[in-house]
Amino acid sequence: TRPDRGYFARFDEGGYVWPSLVNWSIAPEETASVLRAVGRLVGVAFVSGHTCGFAIHTTFWQWAFSRAADTEGEDSDYFSLLRHFDRAQFIQRARLLYSRQQLADALDMTQDALAASLPDWRPLSDVEVSALELTWSYDAAVCGASASVPLAPLGVAKPVTTADAKEYLQLWSRHHIV
C-alpha cells in the first residue's frame, strides 16, 4: 500500500506498525492490497517470533466469551454502548427516548455542561417521532451498495412509535455497532 494513504501508523523508532486510527475507511478497489499488506505484516511477525496485535473493542470480547450466566440475564445495552462508537448518532437518536437529565447522566455530564455543549437539544414529541416515519429496518452499506436489513419480523411495514423507541434503539444500535 502507498504510505501517503495513512492506512498504517508506525509507533516508536523500534518499528511497531499498527492499522491507523486516522483512516479506517478503505476504498473498495484498494481492499485487496491493504488486506494483503496486513497479512504480510502478521506473517512476518509470526515467522520472526514477534507478537502482532490489533485493538478490539471490549464489546466483542463480552459477546465472544460470555458465560452461561450472562446469557440468561439481560443482553448488552447496545444503545448505551453506541455513545462510545458513534457519539453523534447516540445524541441524535437519544431524542427518541431520553429526557435532558437522562442524556446528561448517560454522557456523564452535569445539566449545566449539557446546556453549554448542546443548548438546542430536546426530546422529540410523539408527533415529531411519527413525522420521522422511522421503520423497523437498518440501512447498511454492503460492498459499496445500500441494503435494508429488517430489525423486526414486520420490518418496514410497522412504523416506530415513542412506545417502541427503546426496543427500536436497541436493535438499531446493535446493527450499527456489530
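Here, every reference points to the structure presented above.
Report follows, based on the coordinates. Everything numeric in this text was worked out from a predicted model, so none of it was measured. (Residues numbered from 1 in each chain as written. Predicted model: local features only at pLDDT ≥ 70, side-chain atom pairs only at ≥ 80, totals over all residues. Heavy atoms only, no water.)

**Some thoughts on the side chain of arginine 93**
By secondary structure assignment, the location of arginine 93 is in helix α5 (residues 87–93). A polar contact of 3.2 Å, which involves the side chain of arginine 93, links it to the side chain of tyrosine 168. Among all residues touching arginine 93, those that are not within four sequence positions of it are Phe79, Tyr168, Leu169 and Trp172. (Helix = DSSP H or I, 4+ residues; strand = E, 2+ residues; numbered from the N terminus. Polar contact = N/O pair within 3.5 Å; in protein donor to acceptor, adjacent residues only side chain to side chain. Contact = heavy atoms within 4.5 Å.)

**Remarks on the environment of valine 149**
Considering the arrangement of structural elements, one finds valine 149 in strand β4 (residues 145–150). Taking the relative accessible area as the measure of exposure, valine 149 reaches 28% and is therefore partly exposed. Expressed as a C-alpha distance, the spacing of valine 149 and histidine 175, which sit 26 residues apart in the sequence, is 8.9 Å. (Buried < 20%, exposed > 50% of the residue type's maximum accessible area, 1.4 Å probe, protein only.)

**Things to note about the nonpolar core**
With 28 residues, the main nonpolar core has Phe79, Phe90, Leu96, Tyr98, Leu103 and Tyr168 as its most contacted residues. Counting only elements with at least two residues in this core, the list comes to α4 (78–85), α5, α6 (100–106), β3 (137–142) and α9 (165–177). Residues contacting leucine 96, with those up to four places away along its chain left out, are Leu124, Val129, Leu132, Leu134, Thr162, Ala165, Tyr168 and Leu169. (Core = buried A, V, L, I, M, F, W, Y, C linked by side-chain atoms within 4.5 Å.)

**Focus: the pattern of salt bridges**
The full count for this structure, using the stated rule, is one salt bridge. The closest approach of N and O atoms between glutamate 128 and arginine 122, which form a salt bridge, is 2.6 Å. Taking the relative accessible area as the measure of exposure, glutamate 128 reaches 26% and is therefore partly exposed. With a relative accessible area of 40%, arginine 122 lands in the partly exposed category. (Salt bridge = Lys/Arg side-chain N within 4 Å of Asp/Glu carboxyl O.)

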